[in-house]
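The lines below spell out each chain.
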Amino acid sequence: SIAKKPTQLSQTQEIAAYFENNWQPPETLQQSLEYRLFVAPDGSIQKVIPLGKAARTYLDKTKIPLNGESFISPVSTKQSVKVRLLLNPNGKVQAFEE
């Protein structure tokens, strides 16, 4: 049988996995937090846009890496990837490409 290469996770899956490991919802959180992440081709955060007041308020509790900080594998594309990140009060994480 032919050995299969391990399937490479998409950036979106890698981002979701990162936050599944790092997201600890604050006890005071009542609603989902939503962010737009711009990820550079080298896998670092280029820009974070909090969507809504709660997202701004809790930004420092999300464990979103700082701008320029690598946190996922580099990508093969030349342009940045735009990902919507949802962090829910129940600890559930959702990420999808925009």
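Up top is the structure.
So, here is what we can say about the structure in this document. (Residues numbered from 1 in each chain as written. Predicted model: local features only at pLDDT ≥ 70, side-chain atom pairs only at ≥ 80, totals over all residues. Heavy atoms only, no water.)

### Details of the sheet that holds strand β4 (residues 93-97)
The strand order β2-β1-β3-β4 describes an open sheet built from 4 strands, whose pairing is antiparallel. Two strands close off the open sheet at either side, each with one partner strand: β2 (45-51) and β4. Each neighbouring strand pair of the sheet contributes to a mean axis angle of 20°, computed without reference to strand direction. Running at roughly 160° to β4, helix α1 (residues 11-22) makes contact with β1 (33-39), β3 (81-87) and β4 of the sheet. (Pairing = 2+ DSSP bridges. Helix = DSSP H or I, 4+ residues; strand = E, 2+ residues; numbered from the N terminus. Axes fitted to C-alpha atoms, helices over the stretch in contact; angles between N-to-C directions. Contact = heavy atoms within 4.5 Å.)

### Quick word on the packing of aromatic side chains
Counted under the stated rule, the structure contains 3 aromatic pairs. Ring centres 4.9 Å apart and planes at 85° place the aromatic pair Tyr18 and Phe19 in the edge-to-face group. Between Tyr18 and Phe71, the aromatic rings sit 4.9 Å apart at their centres with planes inclined by 80°, giving edge-to-face as the arrangement. Here the residue Tyr18 occupies a position in helix α1, and Phe71 occupies one in the loop between α2 (53-57) and β3, the gap between them amounting to 53 residues. Since its relative accessible area comes to 15%, Phe71 is described here as buried. Among the aromatic residues, those joined into a cluster by ring pairs are Tyr18, Phe19 and Phe71. For the cation-ring pair, Lys47 lies above Phe38, with the distance from its terminal atom to the ring centre recorded as 5.4 Å. (Phe/Tyr/Trp six-rings, centres within 6.5 Å; stacked < 30°, edge-to-face > 60°. Buried < 20%, exposed > 50% of the residue type's maximum accessible area, 1.4 Å probe, protein only. Lys NZ or Arg CZ within 6 Å of the ring centre and 35° of its normal.)

### A short note on the pairing of β1
The two faces of the sheet receive side chains in turn, since in a regular strand these alternate between them. A large share of β1 lies buried, amounting to 5 of its 7 residues. Bridging between β1 and β3 involves 7 bridges; their strand directions are antiparallel. Paired with Phe38 across the bridge in β3 is Lys82. Note: β1 against β2, 6 bridges, orientation antiparallel.

### Description of the nonpolar core
In this structure, Ile15, Phe19, Tyr35, Leu37 and Leu85 are the most contacted members of the largest nonpolar core, which totals 23 residues. Elements supplying a minimum of two residues to this core: α1, β1, β2, α2, β3 and β4. (Core = buried A, V, L, I, M, F, W, Y, C linked by side-chain atoms within 4.5 Å.)

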